[in-house]
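Breakdown of the fold
Listed here are the chains, written in short residue letters.
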Number of protein chains: 2
Amino acid sequence: MIFFEAHKRIGMEQQYYVKVLENVSWGLHFHSAYECISVLEGSVECVIGHERNTLTKGEAAFIMPEQLHSIETRETSKVQVLVFLPELAEDFHAVYQEKVPQNVKFVCAVQEWEKEPENIYLLKALLYRVCGSLVQQTAFVKRKTLSQDRLLYSLISYIEEHYMEECSLNQVAQICNCDYFYASKIFSETAGMGFLEYVNRLRIYRACHMLRETDYSVLRVSEECGFQSLRSFNRNFTKYVKCKPTQYRRENKLV
Amino acid sequence: MIFFEAHKRIGMEQQYYVKVLENVSWGLHFHSAYECISVLEGSVECVIGHERNTLTKGEAAFIMPEQLHSIETRETSKVQVLVFLPELAEDFHAVYQEKVPQNVKFVCAVQEWEKEPENIYLLKALLYRVCGSLVQQTAFVKRKTLSQDRLLYSLISYIEEHYMEECSLNQVAQICNCDYFYASKIFSETAGMGFLEYVNRLRIYRACHMLRETDYSVLRVSEECGFQSLRSFNRNFTKYVKCKPTQYRRENKLV
């Protein structure tokens, strides 16, 4: 289970990446980079903005900076993901940054992504090809940020900053000064899961990372990731990862 | 016979062009655009800078702005030519404008040039692909402008401006304040033909253009293109175009 991929802060380490991934599932999130997902095998469900689409083999979707999106594999999938910062396709960004594609789905030749571009010009060629194919295939419309979006950004940012503590929708709703039931409904509709499930998935994703990369005890991992008890941690871990934390660590620990 | 192609002043009408041409021969010239020539069938001889190369099927050559070059078809050829202004590949230009490729020959996938790019991003993708492939395949060295080059630029510019009048190497050598025999040697060595032959070829090229595009009498065309007599015009025309001016006009006149 990959739930959150680390391209939120892509700008700090690298300007872009291209990866082939299997059976991806990323919860609702947003980031400052452009993203293109192209399906090589199987299919994925994706939510981009408020639109839900199924992408099958040969289809791609394009995501604008700061656009809410999620991806879920229901059966199996193999996708190619290209993430890049706006400055790498400046001319495109200058014209389209305030817009969104009318159709997020498009067809995008990806065979050339197979090997890492060997220099900045070949990388730019690839990015401009993707942007150019998109522009060729769809109209763009002015981007509207709905009050719903602003609420979702607030909720997701809050979770990002507070998942290691107690983190309830009740608290956020108070902070955002909005109705609990309204926030719950909007969140579930767009994220495709309840607020608490989203928080727990994120916690487990971070726990996996910690189990792989540190020597912290399971108890400490559980606490650092915001679980109130080891029991709750174990239950959630087994639910999403399909094995126990110790077994996961044994099989995935980086030397 | 195509001797001079009209991309010298490409900047005035368009920023780039892609064309497939057969049996090209262009005399020594230079312009402010980048140029890439890729051989689809047959072969061409090209001089770029001071280096002479034979390009055969699948091979391409890259020409930097203001770099002297000529192309000649000895038997048959079918080439794809891409010419573009520096501003279309700004990042490349910023780094390489003062340099020249160590090897002008490279391999460049051209199948994608087959149809006109449908938007500016697809065009940029194509140009960056060409630049990126070149950078991948060759080192660059600092560009040296030799005194020979400066002399050649002067001679060619002089011909460009004076071919419609009497235009002798003797005059130019005086104006450039250089030795007649030295200028003659340098010119012949680089252009692959004598000064007078170059002038006459250019005159005939311009005469062809005039015969196609205007209703001027053959005498007027001959005079406007700098021939001292109709006899000399007819002789040169038949030599290079392999038919008489009237026949050429009949077969090529634009309606």
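Residues numbered from 1 in each chain as written. Chains lettered and ligands numbered in written order. Predicted model: local features only at pLDDT ≥ 70, side-chain atom pairs only at ≥ 80, totals over all residues. Heavy atoms only, no water.

Residues and elements named next belong to chain A. Taken as a whole, chain A is organised into domain 1 (10-142) and domain 2 (147-252). A straight line from the C-alpha centre of domain 1 to that of domain 2 covers 26 Å. At the junction of the two partners, domain 1 supplies 10 residues and domain 2 supplies 11 residues. Buried surface at the junction of domain 1 and domain 2, summed over both partners, amounts to about 920 Å²; 63% is from carbon and sulfur atoms. Remark: the boundary between domain 1 and domain 2 carries 0 salt bridges. Its residues placed into classes, the side of domain 1 that touches domain 2 shows 4 nonpolar, 4 polar and 2 charged. (Domains from an automatic or database assignment. Contact = heavy atoms within 4.5 Å. Buried area = accessible area lost by both parts, 1.4 Å probe. Salt bridge = Lys/Arg side-chain N within 4 Å of Asp/Glu carboxyl O. Nonpolar A, V, L, I, M, F, W, Y, C, P; charged D, E, K, R; others polar.)

Rotating chain B by 180° and moving it 0.0 Å along the rotation axis overlays it on chain A with an RMSD of 0.1 Å. Viewed as a symmetry operation, the transformation between the two copies matches a two-fold axis. Closest approach to the rotation axis within chain B is made by the C-alpha atom of A125 of chain B, at a distance of 1.9 Å. In this assembly, 100% of the residues forming the interface of chain B have copies in chain A that are likewise at the interface, indicating an isologous arrangement. (Least-squares fit on C-alpha atoms with pLDDT ≥ 70 in both.)

Moving on, we get to the environment of Y121 of chain A. Here Y121 of chain A is to be found in helix α3 (residues 120-137). Taking the C-alpha atoms as reference, Y121 of chain A lies 24 Å from Q137 of chain A; in sequence the two are 16 residues apart. For Y121 of chain A, the residues in contact, after removing those within four places along its chain, are D91, F92, V95, Y96, Y128, C131, G132 and V135 of chain B. (Helix = DSSP H or I, 4+ residues; strand = E, 2+ residues; numbered from the N terminus.)

All names here are of chain A. With 7 of 8 residues buried, strand β7 (residues 77-84) lies mostly within the body of the structure. Relative to β7, strand β3 (residues 34-48) runs antiparallel, the two being bridged by 8 bridges. The partner of S38 across the bridge, within β7, is Q80. (Buried < 20%, exposed > 50% of the residue type's maximum accessible area, 1.4 Å probe, protein only. Pairing = 2+ DSSP bridges.)

Looking at chain A, the pLDDT average stands at 87 and 93% of residues meet or exceed 70. Model confidence for chain A, summarised as mean pLDDT per element, is weakest for helix α1 (residues 10-13) of chain A at 44 and strongest for helix α8 (residues 218-224) of chain A at 95. (pLDDT = per-residue confidence, 0-100.)

Here we take up the side chain of R249 of chain A. Residue and element names in this part refer to chain A. Within the secondary structure layout, R249 lies in helix α10 (residues 245-252). D215 is the oppositely charged side chain nearest to the buried, salt-bridge-free R249, at an N-O distance of 5.5 Å. Among the polar contacts listed, one links the side chain of R249 to the backbone oxygen of L211, at a separation of 3.0 Å. In this structure R249 touches M210, L211, T214, D215, Y216 and V221, once residues within four positions along its chain are discounted. (Lys, Arg positive; Asp, Glu negative; His and termini not counted. Polar contact = N/O pair within 3.5 Å; in protein donor to acceptor, adjacent residues only side chain to side chain.)

The next subject is the nonpolar core. Counting residues in each nonpolar core, the largest one holds 54 residues, and the members touching the most others are F62, F84 and F92 of chain A together with F62, F84 and F92 of chain B. With sequence-adjacent residues up to four places away left out, F92 of chain A is seen in contact with Y34, F62, Y128, C131, L134, V135 and F140 of chain A together with Y121 of chain B. (Core = buried A, V, L, I, M, F, W, Y, C linked by side-chain atoms within 4.5 Å.)

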